[in-house]
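Inside the fold
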Protein chains: 2
Amino acid sequence: MRNLKMTIAFDGSKYKGWQKQKDNDLTIQGKIEAVLSKMTGEDIQVVGCGRTDSGVHAENYIANFHTKSTFSTSRMLDYLYEYLPEDIGVKSIDDVAERFHARYNVKSKTYVYRVNTHKFRDVFNRKYTYHIAEKLNLVEMKKASEVLVGSHDFKSFTNLRNSDKSTIRTINYINIIEKKDLLEIEVNGNGFLWNMVRIIVGTLIEVGKGNLKPVDVETILNEKKRWEAGPLAQAKGLFLRDVQY
Amino acid sequence: MRNLKMTIAFDGSKYKGWQKQKDNDLTIQGKIEAVLSKMTGEDIQVVGCGRTDSGVHAENYIANFHTKSTFSTSRMLDYLYEYLPEDIGVKSIDDVAERFHARYNVKSKTYVYRVNTHKFRDVFNRKYTYHIAEKLNLVEMKKASEVLVGSHDFKSFTNLRNSDKSTIRTINYINIIEKKDLLEIEVNGNGFLWNMVRIIVGTLIEVGKGNLKPVDVETILNEKKRWEAGPLAQAKGLFLRDVQY
């Protein structure tokens, strides 16, 4: 059996996230498995690097699958390009060692969240940015982001309920960059709880607006209660940028 | 009567161009006139700087309209922002002299055409670029573009038929810039015939592919026959960038 690793870009606007759910649901995994199964004549199961929320995008999502097919990777790439919808693009496909597993082997992931702070919407980026229409205080946001870097119990930053699993995660860095009216918040960590990046961003935006102080973010972390943190930032501003193995 | 000048950005993907046609047609002019008429209680007629083809976009389209309304321009802007669809954005609105006419007073216009030359589509720019999937010869394209700069009879570069009107126009410059896999062709001229920019781009792309030589473009110009020129490049890659008065 061959083990193949794919790098995938997708515009998540119309999808219910990566992970296949009910048969009729529109998911990225579902679309890719259908094309690969048609191509190989096998019942292909694709392993993704993790779930993504409905409406979230990816610049470089990583997945792998096993197949007996003898097609060259270049032919596979052409086939996928031809049969996948326009909003999903497989950027590369490579034979990898049998032991490679797109989810288990993840060391860390990088997400980027984009905010349009201009008074008016950007008609061309409207599906890829969260529009806030006010200038945010970057100095305060950066201070608050430093509170979150490191290993912490992120229970306040997830919508996951009554789980027995650990909610401790490590954030390696948060970069906040402003280019004209476009604010980019880049978050890298060893793993993320459900909705965690979007709640972190929602909280940092509250700090940027002056509704919370950086010191409040420390309190929120310590309280370990979801309602203490900021609101869930819109899905459409979030991109999975890269996955490190 | 006040005379108001608007700068408008629009994603033309789902519109039949700027100009209002039949009442049921989806046009940018139609959408804006409906909102302005609702706002003022008058039957507002908007004068645009020119037609745009179905599917063509604009970064800074210019239009003007007359009204007796006493609303401040800032209130108008907020109203337009609230009631226009997400793919149309009025960026600014200003009181101007009574004599200003968005079409008659145009001195020149700048268009930009975007081509994705990467092997695969860009899922995030798929609605704003023409995907060619091969490297184009920029040196040859630049030589060919120089043939077109200046005052010429552009009869070979329009789909306008049996018109008695002059087909002489002046192109002030054509800039061809490449950023990674994104090719931008910027064309500035004193006026453009129907489909002219898209046929110029279609012809330059043929030169870039090696199907035509720069010297052939001179022949095409001189022949004054549409079928001599290259194909019509897709609408979705074209943006009206700026209008000079």
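Residues numbered from 1 in each chain as written. Chains lettered and ligands numbered in written order. Predicted model: local features only at pLDDT ≥ 70, side-chain atom pairs only at ≥ 80, totals over all residues.

Some words on the overall build of chain A
We apply this condition: Helical segments are the DSSP runs of H or I of at least four residues, strand segments are the runs of E of at least two, and each set is numbered from the N terminus. Throughout, the radius of gyration refers to the C-alpha atoms, and the reference size of a globule is 2.2 Å times the residue count to the power 0.38. Residues are defined as contacting one another if the C-beta atoms placed from their backbone atoms lie within 7 Å.
Helix and strand counts for chain A stand at five helices and ten strands. Rg of the C-alpha trace for chain A: 19 Å, near the compact-globule value of 18 Å for 245 residues, within the 12% margin. In terms of overall dimensions, chain A has C-alpha extents of about 60 × 45 × 30 Å along its principal axes. Sequence-distant contacts in chain A: of pairs separated by 6 or more residues, those separated by 24 or more amount to 70%.

Structural notes on the interface of chain B and chain A
What counts is decided by this rule: In this classification, Asp, Glu, Lys and Arg are treated as charged, Ala, Val, Leu, Ile, Met, Phe, Trp, Tyr, Cys and Pro as nonpolar, and every other residue, Gly included, as polar.
Facing the 15 residues of chain B at the interface are 15 residues of chain A. Put simply, the parts of the chain that give the side of chain B that touches chain A at least two residues each are β1 (2-10) and β4 (88-96) of chain B. In terms of residue count, the dominant contributor to the side of chain B that touches chain A is β4(B) (three residues). The residue makeup of the side of chain B that touches chain A, split by class, is eight nonpolar, one polar and six charged.

Notes on the relation of the copies chain B and chain A
Selection rule: For the least-squares superposition of copies, only C-alpha atoms count, and only for residues with pLDDT at least 70 in both.
In the superposition of chain B on chain A (RMSD 0.0 Å, axial shift 0.0 Å), the rotation amounts to 180°. These values place the two chain copies in the arrangement generated by a two-fold rotation axis. Taken as a fraction of all interface residues of chain B, those also at the interface in chain A reach 100%, which identifies the copy contact as same-surface.

Some thoughts on the domain arrangement of chain A
Residue and element names in this part refer to chain A. Under the convention used in this document: Where each domain begins and ends is defined by an automated method or by a domain database.
Taken as a whole, chain A is organised into domain 1 (2-96) and domain 2 (108-244). Each of domain 1 and domain 2 has a C-alpha centre, and these two points are 28 Å apart. Contacts between the two partners involve 13 residues from domain 1, matched on the other side by eleven residues from domain 2.

Comments concerning the packing of helix α1 (residues 28-40) of chain B against helix α2 (residues 73-83) of chain B
Residues and elements named next belong to chain B. So the rule is basically this: Geometry is summarised by axes, namely lines fitted to C-alpha atoms with helices restricted to the contacting stretch, and by angles between N-to-C directions that run from 0 to 180 degrees. Orientation categories follow fixed angle ranges, with anything under 35 degrees roughly parallel, anything over 145 roughly antiparallel, 65 to 115 roughly perpendicular, and all other angles oblique. Should the near helix be turned anticlockwise from the far one by less than a right angle, the crossing is termed left-handed; should it be turned clockwise, right-handed.
α2 packs onto α1 with a crossing angle of 125° between their chain directions and a minimal axis gap of 10 Å. As judged from the angle between their axes, α1 and α2 are oblique. For the pair α1 and α2, the sense of crossing is right-handed. For the pair formed by α1 and α2, the contact residues are Val 35, Lys 38 and Met 39 on the first element and Met 76, Tyr 79, Leu 80 and Tyr 83 on the second. The residue inventory of the contact of α1 with α2, partitioned by class, reads six nonpolar, no polar and one charged.

Let's talk about the pairing of strand β1 (residues 2-10) of chain A
Residue and element names in this part refer to chain A. Convention followed: What makes two strands pair is DSSP finding at least two bridges between them.
Bridge count for β1 against strand β3 (residues 57-67) is eight bridges, and the pairing is antiparallel. Looking across to β3, one finds that Arg 2 is bridged to Thr 67. Relative to strand β4 (residues 88-96), β1 is paired through eight bridges, and the arrangement is antiparallel. Across the sheet, Phe 10 pairs through a bridge with Ile 88, a residue of β4.

Observations concerning the packing of helix α3 (residues 138-148) of chain A against helix α4 (residues 196-209) of chain A
A pair of packed helices is characterised by two quantities: the angle between their axes and the separation of those axes. All names here are of chain A. Packing of α3 against α4 brings their axes to within 8 Å, and their N-to-C directions diverge by 140°. Here α3 and α4 pass one another in a crossing that is right-handed. For the pair formed by α3 and α4, the contact residues are Glu 140, Met 141, Ala 144, Ser 145 and Leu 148 on the first element and Ile 200, Leu 204, Val 207 and Gly 208 on the second. Across the contact of α3 with α4, the residue classes tally to six nonpolar, two polar and one charged.

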